[in-house]
Amino acid sequence: MPDRDGSADTLPYDALLLVSFGGPEKPDDVMPFLENVTRGRGIPRERLADVAHHYDGFGGRSPINDQCRELLAALRVELDGRGLDVPLYWGNRNWDPFLGPEVERIVADGHRRVVAVLTSAYPSYSSCRQYRENLFDAFDPQAASGVTVDKIRHYSDHPGFVAASVDATQAALDELGEPGERARLVFVTHSIPTAMAAAAGPQPKSPEGGYVDWHLAVAEAVTREVGRLRGRTYDFDLVYCSRSGPPSQPWLEPDVNDHLRALDAAGVPGVVLVPIGFVSDHMEVIYDLDTEAVETARELGLPLARAATAGTHPAFVSALVDLVLERAAAARGEEPARPVVEGTPVGWYDCEPDCCTNLRDPGRRALCQRVPQPA
Ligand SMILES: CC1=C(CCC(=O)O)c2cc3nc(cc4[nH]c(cc5[nH]c(cc1n2)c(C)c5CCC(=O)O)c(CCC(=O)O)c4C)C(CCC(=O)O)=C3C
Ligand SMILES: [Fe+2]
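Residues numbered from 1 in each chain as written. Chains lettered and ligands numbered in written order. Predicted model: local features only at pLDDT ≥ 70, side-chain atom pairs only at ≥ 80, totals over all residues. Heavy atoms only, no water.

A. Region of the structure containing unusual backbone geometry. Looking along the chain, the bond that leaves Asp96 and enters Pro97 is cis, with omega of -5°. The residue Pro97 is located in the loop between strand E2 (88–92) and helix H4 (99–108) in this model. The omega angle of the peptide bond from Gln203 to Pro204 is -5°, so this bond is cis rather than trans. Residue placement: Pro204 occurs in the loop between helix H7 (194–198) and helix H8 (210–230). Here the phi dihedral of Ser242 falls at roughly 60°; this positive angle occurs in a residue that is not glycine. Here Ser242 is to be found in the loop between strand E6 (236–241) and helix H9 (256–265). Judged by its relative accessible area of 6%, Ser242 falls in the buried class. Although it is not a glycine, Cys368 sits at a positive phi angle of roughly 55°. Looking at where Cys368 falls in the secondary structure, it is placed in the segment after helix H11 (314–331). (Helix = DSSP H or I, 4+ residues; strand = E, 2+ residues; numbered from the N terminus. Buried < 20%, exposed > 50% of the residue type's maximum accessible area, 1.4 Å probe, protein only.)

As structure tokens, then:
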């Protein structure tokens, strides 16, 4: 083992793997990408055709892969600045570069202990377990090499992620100008089926489940800090975008567009949309918010500004490196502090086997959980 100072070291990990959703990069990618995402998920055909059109407006290219490239570059700079030479890899769940070949490359390069950073910050089947299932699928073929993977904890309430949202909310309030002083903070995340939400996260949790609980905690923390910095109190709401699934299936509500109509009817003078559910400005942000919700607000004559996502905000990039170092310390058997903003839940490393149940296929195997499932 190299002779390095353990306290600021990524050891025992010898590779860092960024794990993301993936997105199409040209028009011909769009339908096969959507088929990958929705395979076995019971999404109506019309919804797929609809969503394909969202990409048309952007030349058939999602910005998400470029945002991963930018995050990797920012992570490299932050790691180098701290004297950490761990190599970076990047694999997606649903589009090129796929996780499977990237894990093959990690093994071929001689690495055996991988730390995974997911571009998804909250617990739920879609935002955690499904990533861990895809990690299983990618790592299982390499089992003979002895390669293993651990992930960092859910980080939405890490001080660095919250700081990035606070900065972005401040900038959006400034952009609104005078209506900004009495604006409503409307936090937005991806809707999921209410049954998936109820199954999200370990106990203790509310009947709405850990996905909703964590978002509410983050929304409250950002609202509190923005209020403190501006010397006033703001009201906030948590709303949802990007609902799919059949109409008969209940999903988390209210939809952001319906909520804008309700706020306008109630006489709210302006709105800042804060997309805390997303790590970068990908399609759900630039279409569902910047295109659809912006259009709704324009029709209403309601002043609206959209806060940036964490992206490559220095506080977020630095937080991800802190989270990797923290995970490494835990893997070395130390008991590192797990910083979170006040009043929010503390994340965990390995999920319980019954956390964020796969309601369609409960037997599907996943990594990064406490008890290995029987073969
Ligand atoms: C919680 C959550 C996140 C946040 C956490 C995370 O970031 O992972 C997220 C992110 C994303 N979702 C994305 C795209 C899509 N999500 C879909 C469908 C679905 N998402 C769901 C949930 C989530 N999704 C669910 C419950 C479904 C229904 C199908 C199923 O039960 O699995 C569909 C199918 C069509 C449709 O139905 O809309 C698409 C195309 C992209 C890429 C955007 C780009 O291309 O820039 C990103 C980052
Ligand atoms: Fe999604």
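So that's the structure; there's more coming.
B. Looking closely at the domain arrangement of the chain. Once the domains are mapped, the chain shows domain 1 (6–155 + 314–331) and domain 2 (159–306). The gap between the C-alpha centroids of domain 1 and domain 2 is 25 Å. Taken residue by residue, the interface counts 27 residues in domain 1 and 30 residues in domain 2. Among the residues of domain 1 in contact with domain 2, His54, Tyr122 and Pro123 are the three that bury the most area, contributing 29% of the side total. At the junction of domain 1 and domain 2, the tally comes to four residue pairs in polar contact (both at pLDDT 80 or more). For the side of domain 1 that touches domain 2, the elements supplying multiple residues, two or more each, are helix H2 (45–56), helix H3 (64–81), helix H5 (125–139) and H11. Here the side of domain 1 that touches domain 2 is built from residues that sort into 14 nonpolar, 10 polar and three charged. (Domains from an automatic or database assignment. Contact = heavy atoms within 4.5 Å. Buried area = accessible area lost by both parts, 1.4 Å probe. Polar contact = N/O pair within 3.5 Å; in protein donor to acceptor, adjacent residues only side chain to side chain. Nonpolar A, V, L, I, M, F, W, Y, C, P; charged D, E, K, R; others polar.)

C. Fine view of helix H6 (residues 159–176). For H6, with 18 residues, the first-to-last C-alpha span of 26 Å sits near the 26 Å given by 1.5 Å per residue. Gly160, Phe161, Val162, Ala164, Ser165, Val166, Ala168, Thr169, Gln170, Ala172, Leu173 and Leu176 are the residues of H6 that are buried. As for H6, its buried residues are in contact with strand E5 (184–190), H8, strand E7 (271–274), strand E8 (304–306) and H11. Directly beyond the C-terminal end of H6, a positive phi value near 70° is found at Gly177. (Expected span 1.5 Å × (residues − 1).)

D. Inspection of the environment of Leu273 at higher detail. By the secondary structure assignment, Leu273 is in strand E7. Leu273 sits in the buried class, given a relative accessible area of 0%. Between the C-alpha atoms of Leu273 and Ala15, which are 258 residues apart in sequence, the distance is 36 Å. Apart from the residues lying within four places of it in its own chain, the contact partners of Leu273 are Val186, Val188, Val256, Leu260, Leu289, Ala293, Leu304, Ala305, Arg306 and Ala307.

E. Quick peek at the sheet that holds E8. Spatially, four strands are ordered E6-E5-E7-E8 in an open sheet, and the strand pairing comes out parallel. Of all strands in the sheet, those with a lone pairing partner are E6 and E8, marking the two edges. Direction aside, the axes of adjacent strands within the sheet are offset by 25° on average. Packing of H9 onto the sheet brings it into contact with E5, E6, E7 and E8, and relative to E6 it is tilted by some 145°. Sheet contacts for helix H10 (residues 283–300): E5, E6, E7 and E8; angle to E8, the most-contacted strand, approximately 175°. (Pairing = 2+ DSSP bridges. Axes fitted to C-alpha atoms, helices over the stretch in contact; angles between N-to-C directions.)

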